[in-house]
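Chain by chain, the residues:
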Amino acid sequence: MRAGRGTLIILIFLIASYALIFPSFEKARKDIRLGEVKGFNLPPLVVKFMAFEFKSIAADLHYVRASQFYGGRVDRLAEATRDDWAWLYTNLWLATELDPYFQDPYYLGNAFLTWDAGLYVQANKLLQKGMDARTWDWTLPFYIGFNKFYFLNENKEAADYLLKAYERPGAIPYLPNLAARLYQREGRTEAALAFLVNFWENERDQKQKKAYEIRIDAFRKILSLEKAAALYKERNGKQPEKLEELVKAGLIKEIPQDPYGGTFYIRGDGVIETTSKLANVAPKK
């Protein structure tokens with residue numbers, strides 16, 4: 001009975017102590033989180049030398065510093081400056097210099113340096129380092145390809161990286177189709193068609209093989225329209241404004257049907273496009 005009473009007294013004492021001390025801990029935590037705690041970054045060679053055999057721990061430290069500082073900015077709704085982004089990039093670079101296999105810095109850098117900071121080249125430089133080290137990880141070349149397509153408008157380079165991603169284990173199966181589409185947008189329809197046929201010939205999965213067949217059909221039709229439009233320009237000294245002009249000129253019998261359900265058309269710069277964007281169009285109700 002006395003033992004039970006003693007335990008209860010100790011428990012009450014601990015709860016009371018916690019209630020008294022907790023506010024000060026919480027204030028200290030917020031002060032640390034909200035403070036300007038960027039700190040100074042040493043050169044990579046110096047950091048490596050000082051870390052000795054504890055490079056993985058030092059990599060964790062730099063990654064935590066970077067994520068904590070950015071998190072504090074988000075909490076305060078404060079806009080980061082160019083110096084802040086440069087500091088963040090340097091910390092992530094240092095973390096991956098210490099441990100090039102460390103996945104999180106690459107993902108964090110890609111998310112923040114692209115969408116928030118607009119530092120697309122730096123983000124891809126960091127991702128390239130990860131791609132070279134983590135040779136089994138298909139997501140890193142995929143992110144580089146996405147950044148080159150979405151932010152930098154470098155379609156051919158984007159396609160090259162998508163194919164590199166596809167060569168790695170676990171990659172999503174439709175990457176060759178995306179790469180072919182980007183090659184086609186760069187006016188390389190014939191090359192895109194050739195390598196897509198190669199993928200089709202070596203594909204064993206029947207569902208994916210069918211997807212290749214549809215894309216091949218679309219590209220063959222686009223290629224025929226491109227050749228007809230080029231011949232029209234050669235004869236008339238100008239690009240056709242509409243594909244119907246190719247029919248009137250006798251260069252094609254009719255405008256082919258887009259296998260994805262869209263409608264082919266010609267842009268002002270002579271590029272053949274389709275309203276489906278080479279993706280299945282929902283049937284009209």
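Quantities reported herein were computed from a predicted structural model and do not represent experimental measurements. (Residues numbered from 1 in each chain as written. Predicted model: local features only at pLDDT ≥ 70, side-chain atom pairs only at ≥ 80, totals over all residues. Heavy atoms only, no water.)

**Q** I tried to follow the overall build of the protein chain on my own but got confused; where do I start?
**A** Check the secondary structure of the protein chain and you find 12 helices and two strands. Mapped in sequence order, the helices and strands of the protein chain form the string α-α-α-α-α-α-α-α-α-α-α-α-β-β. Across the 285 residues that make up the protein chain, the buried fraction comes to 40%. For the protein chain, contacts bridging at least 24 residues in sequence account for 55% of all contacts bridging at least 6. As displayed, the protein chain has an accessible area near 17,200 Å², and 59% of this comes from carbon and sulfur atoms. (Helix = DSSP H or I, 4+ residues; strand = E, 2+ residues; numbered from the N terminus. Buried < 20%, exposed > 50% of the residue type's maximum accessible area, 1.4 Å probe, protein only. Contact = heavy atoms within 4.5 Å. Areas by Shrake-Rupley, 256 points an atom, 1.4 Å probe, with all protein chains shown as cover.)

**Q** How should I be thinking about the packing of helix H4 (residues 82-98) against helix H6 (residues 120-133) in this particular structure?
**A** Two elements in contact, H4 and H6, have axes separated by 11 Å at closest approach and are oriented at 10°. Relative to H6, the element H4 lies roughly parallel. Across the interface between the two elements, Tyr89, Leu92, Trp93, Thr96 and Glu97 of H4 pack against Gln122, Lys125, Leu126 and Lys129 of H6. Of the residues in the contact of H4 with H6, the class split is four nonpolar, two polar and three charged. (Axes fitted to C-alpha atoms, helices over the stretch in contact; angles between N-to-C directions. Parallel < 35°, antiparallel > 145°, perpendicular 65-115°, else oblique. Nonpolar A, V, L, I, M, F, W, Y, C, P; charged D, E, K, R; others polar.)

**Q** Can you walk me through the environment of Lys210 in this structure?
**A** By secondary structure assignment, the location of Lys210 is in helix H11 (residues 206-236). With 10 residues separating them along the chain, Lys210 and Trp200 place their C-alpha atoms 8.5 Å apart.

**Q** Any chance you could explain the packing of helix H5 (residues 103-115) against H6 here in plain terms?
**A** Packed helix pairs are characterised by how far apart their axes lie and by the angle those axes make with each other. H6 packs onto H5 with a crossing angle of 165° between their chain directions and a minimal axis gap of 9 Å. Relative to H6, the element H5 lies roughly antiparallel. Seen from above, H5 lies across H6 with left-handed handedness. Where H5 abuts H6, its residues Pro105, Tyr106, Gly109, Asn110, Leu113 and Thr114 lie against Tyr120, Ala123, Leu126, Leu127, Lys129 and Gly130. Partitioning the contact of H5 with H6 into residue classes produces seven nonpolar, four polar and one charged. (Left-handed = near helix turned anticlockwise from the far one by under 90°.)

**Q** Is there a simple way to think about the nonpolar core in this case?
**A** A general trend in soluble globular proteins is that nonpolar side chains are found buried together. With 36 residues, the main nonpolar core has Leu175, Phe195, Phe219, Leu225, Leu243, Leu246 and Ile272 as its most contacted residues. Of all the elements in the fold, those that place two or more residues in this core are helix H8 (155-166), helix H9 (175-185), helix H10 (189-202), H11 and strand E1 (264-266). Counting residues per element, this core draws most heavily on H11, which supplies 10 residues. When neighbours within four sequence positions are excluded, Leu225 is seen to be in contact with Leu243, Leu246, Ile252, Pro256, Phe264 and Ile272. In this structure, Ala66, Leu98, Leu108 and Leu140 belong to the second largest nonpolar core, which totals 25 residues. (Core = buried A, V, L, I, M, F, W, Y, C linked by side-chain atoms within 4.5 Å.)

**Q** I would appreciate a short explanation of the environment of His62 in the present structure.
**A** Within the secondary structure, His62 is located in helix H3 (residues 55-76). A residue is classified by how much of its surface remains accessible, and His62, at 7% relative accessible area, is buried. In this structure, the C-alpha to C-alpha distance between His62 and Asn91, residues 29 residues apart in sequence, is 5.5 Å.

**Q** Quick question: what am I supposed to make of the confidence of the model for the protein chain here?
**A** Regions with low pLDDT carry predicted coordinates that are not meant to be interpreted in detail. Looking at the protein chain as a whole, the pLDDT averages 83, with 78% of positions reaching at least 70. Taking the mean pLDDT of every element in the protein chain, the minimum, 57, falls on helix H1 (residues 2-34) and the maximum, 97, on H6. Here residues 32-36 is a poorly scored stretch, pLDDT under 50, and it has 11 contacts once near neighbours within four places are set aside; other chains count. (pLDDT = per-residue confidence, 0-100.)

**Q** Before we go on, may I ask you to explain the environment of Tyr120 in this structure?
**A** Mapped onto the fold, Tyr120 is located in helix H6. Put simply, Tyr120 and Ile144 are 24 residues apart on the chain and 9.2 Å apart in space, counted from C-alpha to C-alpha. Apart from the residues within four sequence positions on either side, Tyr120 is in contact with Leu113, Thr114, Phe151 and Leu152.

**Q** I tried to follow unusual backbone geometry on my own but got confused; where do I start?
**A** Trans is the common state for peptide bonds, and a negative phi is the common state for residues other than glycine. Of note, the phi angle at Asn153 is positive, near 55°, even though the residue is not glycine. Turning to its location among the elements, Asn153 is positioned in the loop between helix H7 (139-150) and H8. In this structure Asn153 comes out as exposed when scored by relative accessible area, which is 58%. For Lys277, which is not glycine, the phi dihedral falls at a positive 55°.

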